[in-house]
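Chain by chain, the residues run as shown.
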Amino acid sequence: MLYELHKQNSCYMQLTNKTDKYVAFKVKTTNPKKYSVRPNTGVVQPGSTCNVTVTMLAPKEIPQDYHCKDKFLVQSVVVEEGTASKDIVSDMFNKAPGKVVEEFKLRVVYIPANPPSPVPEEGEEDLSPRSSIADDEAHRNSLFDVASGSKSHEEVSIQESSEVKSLISRLTEEKRHANEQNQKLRQQVDVMRKQFGKGRSGLSVPTIVIMFILAILIGYLAKRS
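Everything quoted here is computed from the prediction, not taken from an experiment.

1. Some words on the overall build of the protein
- Looking only at helices and strands, the protein has two helices and 11 strands in total.
- Within the protein, contacts between residues separated by at least 24 positions form 75% of all contacts whose residues are at least 6 apart in sequence.
- Working note: accessible area of the protein is about 15500 Å², and carbon and sulfur atoms make up 51% of it.

2. Quick notes on the environment of Tyr-12
- Here Tyr-12 shows up in strand S2 (residues 9-17).
- Taking the C-alpha atoms as reference points, Tyr-12 and Arg-38, separated by 26 residues in sequence, lie 9.5 Å from one another.

3. With respect to the nonpolar core
- Core analysis: the biggest nonpolar cluster contains 21 residues, and Val-27, Tyr-35, Val-52 and Phe-72 have the highest contact counts within it.
- Taken together, the elements giving at least two residues each to this core come down to S2, strand S3 (22-29), strand S4 (35-38), strand S6 (49-56), strand S7 (71-79) and strand S8 (102-108).
- Here this core gets four residues from one element, more than from any other, and that element is S6.
- Core analysis: the next-biggest nonpolar cluster, separate from the first, contains nine residues, Tyr-22, Val-43, Val-77 and Val-79 among them.

4. A look at the pairing of S7
- Counted residue by residue, S7 has seven buried out of nine residues, so it is predominantly covered.
- Strand direction decides the pairing type here: S3 and S7, joined by eight bridges, are antiparallel. Note that in S7 the partner of Lys-28 across the bridge is Leu-73.
- Sheet analysis places S7 next to S8, joined by six bridges and oriented antiparallel. When the sheet's bridge partners are listed, Val-74 is paired in S8 with Phe-104.

5. Remarks on the environment of Asn-31
- Here Asn-31 shows up in the loop between S3 and S4.
- Given the relative accessible area of 24%, Asn-31 is considered partly exposed.
- Distance in space between the C-alpha atoms of Asn-31 and Asp-70 is 6.4 Å, their sequence separation being 39 residues.

6. Overview of the side chain of Gln-75
- Tracing the sequence through the fold places Gln-75 in strand S7.
- For Gln-75, a relative accessible area of 4% translates into the label buried.
- A polar atom in the side chain of Gln-75 sits 3.1 Å from the side chain of Glu-103.
- With residues near it in sequence (within four places) discarded, Gln-75 still touches Ala-24, Phe-25, Lys-26, Lys-28, Phe-93, Val-101, Glu-102 and Glu-103.

7. Here's the deal with the pairing of S6
- With eight bridges joining them, S2 and S6 adopt antiparallel strand pairing. Within S6, the residue paired with Ser-10 across the bridge is Thr-55.
- Here four bridges tie S4 to S6, and the two strands are oriented antiparallel to one another. Bridge assignment links Tyr-35 to a residue of S6, and that residue is Met-56.

Cut-offs used in this document
Residues numbered from 1 in each chain as written. Predicted model: local features only at pLDDT ≥ 70, side-chain atom pairs only at ≥ 80, totals over all residues. Heavy atoms only, no water. Helix = DSSP H or I, 4+ residues; strand = E, 2+ residues; numbered from the N terminus. Contact = heavy atoms within 4.5 Å. Areas by Shrake-Rupley, 256 points an atom, 1.4 Å probe, with all protein chains shown as cover. Core = buried A, V, L, I, M, F, W, Y, C linked by side-chain atoms within 4.5 Å. Buried < 20%, exposed > 50% of the residue type's maximum accessible area, 1.4 Å probe, protein only. Pairing = 2+ DSSP bridges. Polar contact = N/O pair within 3.5 Å; in protein donor to acceptor, adjacent residues only side chain to side chain.

What follows is the structure, given as structure tokens:
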């Protein structure tokens, strides 16, 4: 969800029933005056999904660093087959011995509508602009799969930029290493040339072969760099 002054914005949650039973749900928020949830209760049939829309009222000011402490809580409980949304009452989600009421916590993340740069600064790569609602706790064995928002163009741009920077850094390091090796080989050849100039008669056949191989290797590295 984008955060814009004096503008109302929405995002969504998709609830998926992974069981073969009817599951009732209820969505709560720590700031009900700020957010509208539709529907905030309902029943999801086996293998079905339900989309929940979360709308944030138009904000009047920008919080520092777009920090937000608001949270959402999705409660779910197995109900009898044929139960409809109109049959849901608050008592269904009260915890009791032998009764399983699952809870999935979500925290709100604000994404500025006009960020200063599409490339995140150091330490900010983990901020994902998928939605104003991000998973706070993972429940792998829960009744529901809860998905929020969708991947935006900003996220794709950030990922591509990071990959390009990594590739450039790797290529630069490889070129630097090749240049160092090339310089060392040139120095070794210069030493061998001086030795050859001092006494040609004492130069052995293996030494000449090594000089020839080094010359070929230098030419190959020079082309790569």
